[in-house]
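Listed below, chain by chain, are the residues.
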Amino acid sequence: MAEPGADRTGAPLTVEQHLAQVLATVGPLEPVRLPLDEVRDLVLVEDQVAPLSLPRFTNSAMDGYAVRAADLGSPSEAAPVELRVAGEVGAGQATTRVVPRGEVVKIMTGAPVPDGADAVVPYEWTDRGATTVRITRAPAVGAHLRGAGEDVTAGDLLVAAGTRLGPRHVGLLASCGIATVPVRPRPVVAVLSTGTELRDPATALADLPDDAIYDGNSYLLAAAVEAAGATALRLGLVADEPQAFLDVLARLRAEGGVHAVVTSGGVSQGDFDVVKAALRPLGTVWFGPVAMQPGKPQGFGHVEGLPIFTLPGNPVSSYVSTELFVRPALRTMMGLEPVSRPLVDATLTERVTSPPGKRQFLRGTVSVRADGLEVALSVSPVGGSGSHLVGDLAAADALIVVPEDVTVLEPGSAVQVVRLTRPEEGL
Ligand SMILES: Nc1nc2c(c(=O)[nH]1)N[C@H]1C(S)=C(S)[C@@H](COP(=O)(O)OP(=O)(O)OC[C@H]3O[C@@H](n4cnc5c(N)ncnc54)[C@H](O)[C@@H]3O)O[C@H]1N2
Ligand code: MOO
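As the structure is a prediction and not an experimental result, all values here were calculated from the model. (Residues numbered from 1 in each chain as written. Chains lettered and ligands numbered in written order. Predicted model: local features only at pLDDT ≥ 70, side-chain atom pairs only at ≥ 80, totals over all residues. Heavy atoms only, no water.)

1. Points about the layout of surface pockets
Right, so step 1: For the second largest pocket, the calculated volume is near 560 Å³.
Right, so step 2: If you trace the second largest pocket, you find 32 residues lining it, with Glu197, Gly265, Pro312, Gly313 and Asn314 closest to the centre.
Right, so step 3: At the level of secondary structure, the elements contributing two or more residues to the lining of the second largest pocket comprise β14 (213-214), β18 (292-293) and α6 (315-333). (1 Å grid on protein atoms, 1.4 Å probe; cavity = no way out; pocket = protein on both sides within 12 Å on 5 of 7 lines; lining within 4 Å. Points joined across faces, edges and corners; volume = space filled by probe spheres on them. Helix = DSSP H or I, 4+ residues; strand = E, 2+ residues; numbered from the N terminus.)

Written out as structure tokens, the structure is:
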């Protein structure tokens with residue numbers, strides 16, 4: 001049966017070839033209209049135009065008195081001017097609409113400035129009088145007034161289509177009374193682990209059979225999917241039983257709402273490789289080696305239109321595969337660019353070796369060196385290359401890329417690294 005995407009020679013695909021075959025089949029999700037509470041980090045698909053001006057009305061920047069500046073003369077501490085307080089306006093309590101000549105109106109920050117007023121005198125320049133007030137300094141005309149429309153004018157472009165919405169955009173849209181916006185939604189990704197040896201971490205150690213291990217991968221991959229911006233639906237464990245696995249996929253398709261499936265395990269050469277056994281007969285999922293380590297055995301395709309990533313079971317392999325192949329697909333669905341994490345230059349601190357013919361992704365930690373005015377990165381390997389080393393994976397914050405044709409790198413070598421965290425957050 002033809003294997004979609006398999007190259008004709010049967011040779012391993014390169015990382016780029018496999019990524020290309022993944023990205024060739026996924027596109028941006030159809031936009032949906034969502035409330036502002038749910039749109040942070042999503043991509044807006046239509047220009048948003050201001051339906052009103054901001055400030056909506058001229059208002060006070062200070063708690064104090066709205067005045068007609070010319071009525072105050074030139075008061076001083078020694079010779080204050082005393083004026084009648086004609087009324088009061090609080091924010092949202094605009095009962096007094098006009099400042100009568102020769103009088104003032106008490107006003108709170110944000111309250112509409114009554115007609116006739118051309119300045120606000122802050123409390124600090126007054127005796128805070130309630131019926132009459134003594135003012136010791138004259139404000140300049142326009143002092144402490146926030147003019148209608150000085151920030152945003154009705155009809156202005158507020159946020160352009162294509163913008164990834166951050167807190168500041170959301171705040172502006174809300175301030176303009178825009179409660180919902182059309183965005184590319186977060187893909188919902190079902191994540192499951194296969195393997196009869198696996199138990200959920202909630203299983204007490206005392207109850208763990210001697211030949212069993214805890215399922216780290218469904219948690220690892222669900223977290224990586226969420227870190228990519230998608231919503232993970234962590235399904236947990238599926239036994240090494242092809243029909244049970246196919247039943248889970250059938251249920252997901254029937255229930256709908258899932259945009260992709262990520263599995264771990266069961267894709268190598270073993271006697272119980274459930275994922276391969278279940279999906280090969282469909283003819284819509286490619287399985288094959290990719291010239292990389294970790295992550296050599298890969299699978300990707302569709303089950304009745306549902307994209308499925310069948311990742312190798314070794315934890316580091318499944319995680320690296322998620323970063324390299326799943327994350328770009330999810331970012332494509334969300335309309336985000338660039339889809340892959342950037343490669344950045346760094347200097348290697350220790351000697352490393354790598355097998356020929358495979359791109360190796362060693363785990364490392366990045367540090368920032370100040371070199372005169374230049375800021376440069378150095379990277380130190382963490383642990384070995386074994387794809388079972390989850391302790392070292394957790395200690396790392398980068399992948400060191402060793403190209404296919406390189407077998408040794410000496411300390412001081414220039415390398416490229418994939419940073420796995422936002423440095424300021426360490427996540
Ligand atoms: N004869 C060959 N054997 C293997 C080859 C090969 O080319 N020829 N490739 C090796 C490579 S590379 C990898 S990677 C693994 C991939 O194997 P599978 O995808 O079939 O995964 P499993 O056999 O189910 O598990 C591998 C390993 O990972 C552990 N594991 C699996 N799932 C989890 C989980 N959810 N949480 C924690 N650990 C998990 C599992 O216990 C195994 O130790 O195949 C090699 N073999
Ligand atoms: O190539 Mo496997 O994915 O590392 O151990």
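Once the structure has been displayed, the description carries forward.
2. Brief notes about the sheet that holds strand β8 (residues 132-135)
Right, so step 1: Strand order across the open sheet formed by five strands is β7-β4-β6-β5-β8, with mixed pairing between neighbours. If you trace the sheet from one side to the other, it starts and ends with β7 (119-122) and β8, each paired once. Geometrically, the sheet is characterised by an average inter-axis angle of 40° between neighbouring strands, direction not taken into account.
Right, so step 2: Judged from the four bridges that link them, strand β5 (residues 81-89) and β8 form a sheet pairing that is antiparallel. The residue of β8 that forms the bridge with glutamate 82 is arginine 134. (Pairing = 2+ DSSP bridges. Axes fitted to C-alpha atoms, helices over the stretch in contact; angles between N-to-C directions.)

3. Quick word on the nonpolar core
Right, so step 1: Membership of the largest hydrophobic core comes to 23 residues, with the highest contact counts inside it found for Val189, Val191, Val225, Val262, Phe309, Val326 and Leu330.
Right, so step 2: Elements represented by at least two residues in this core include exactly β12 (188-194), α3 (217-227), β16 (260-264), β20 (306-311) and α6.
Right, so step 3: When near neighbours in sequence (up to four residues on either side) are disregarded, valine 225 contacts Val189, Val191, Ala230, Thr231, Ala232, Val326 and Leu330.
Right, so step 4: In terms of nonpolar packing, the next biggest core, distinct from the first, is built from 19 residues, Leu192, Val238, Val267 and Phe287 among them. (Core = buried A, V, L, I, M, F, W, Y, C linked by side-chain atoms within 4.5 Å. Buried < 20%, exposed > 50% of the residue type's maximum accessible area, 1.4 Å probe, protein only. Contact = heavy atoms within 4.5 Å.)

4. Let's talk about the site of ligand 1
Right, so step 1: The environment of ligand 1 is formed by 22 residues, the closest being Glu197, Asp215, Ser268, Lys296 and Gly313.
Right, so step 2: Here an oxygen atom of ligand 1 and a backbone polar atom of glycine 266 are 3.2 Å apart.
Right, so step 3: Here an oxygen atom of ligand 1 and a side-chain polar atom of aspartate 273 are 3.2 Å apart.
Right, so step 4: Protein burial of ligand 1: of its 870 Å² of free accessible surface, 67% is covered by the chains.
Right, so step 5: Here ligand 1 is seated within the second largest pocket. (Near = heavy atom within 4 Å. Polar contact = N/O pair within 3.5 Å; in protein donor to acceptor, adjacent residues only side chain to side chain. Areas by Shrake-Rupley, 256 points an atom, 1.4 Å probe, with all protein chains shown as cover. Sits in = over half its atoms within 2 Å of the grid points.)

5. Looking at the sheet that holds strand β19 (residues 297-303)
Strand-to-strand pairing in sheets goes through backbone hydrogen bonds, with the strands running parallel or antiparallel.
Right, so step 1: Spatially, the six strands line up as an open sheet ordered β15-β12-β16-β20-β19-β17, and their pairing is mixed. Because the sheet does not close on itself, it has two edges, and the strands there are β15 (231-238) and β17 (285-289). The mean angle between the axes of side-by-side strands here comes to 15°, regardless of whether they run parallel or antiparallel.
Right, so step 2: Alignment of β19 against β20, held across five bridges, turns out to be antiparallel. Across the sheet, glycine 299 pairs through a bridge with threonine 310, a residue of β20.
Right, so step 3: Taken strand by strand, α3 contacts β12, β15, β16 and β20, and its axis lies near 170° from that of β15.
Right, so step 4: Helix-sheet contacts for helix α4 (residues 242-255) involve β12, β15, β16, β19 and β20, and the interaxial angle to β15 is about 155°.

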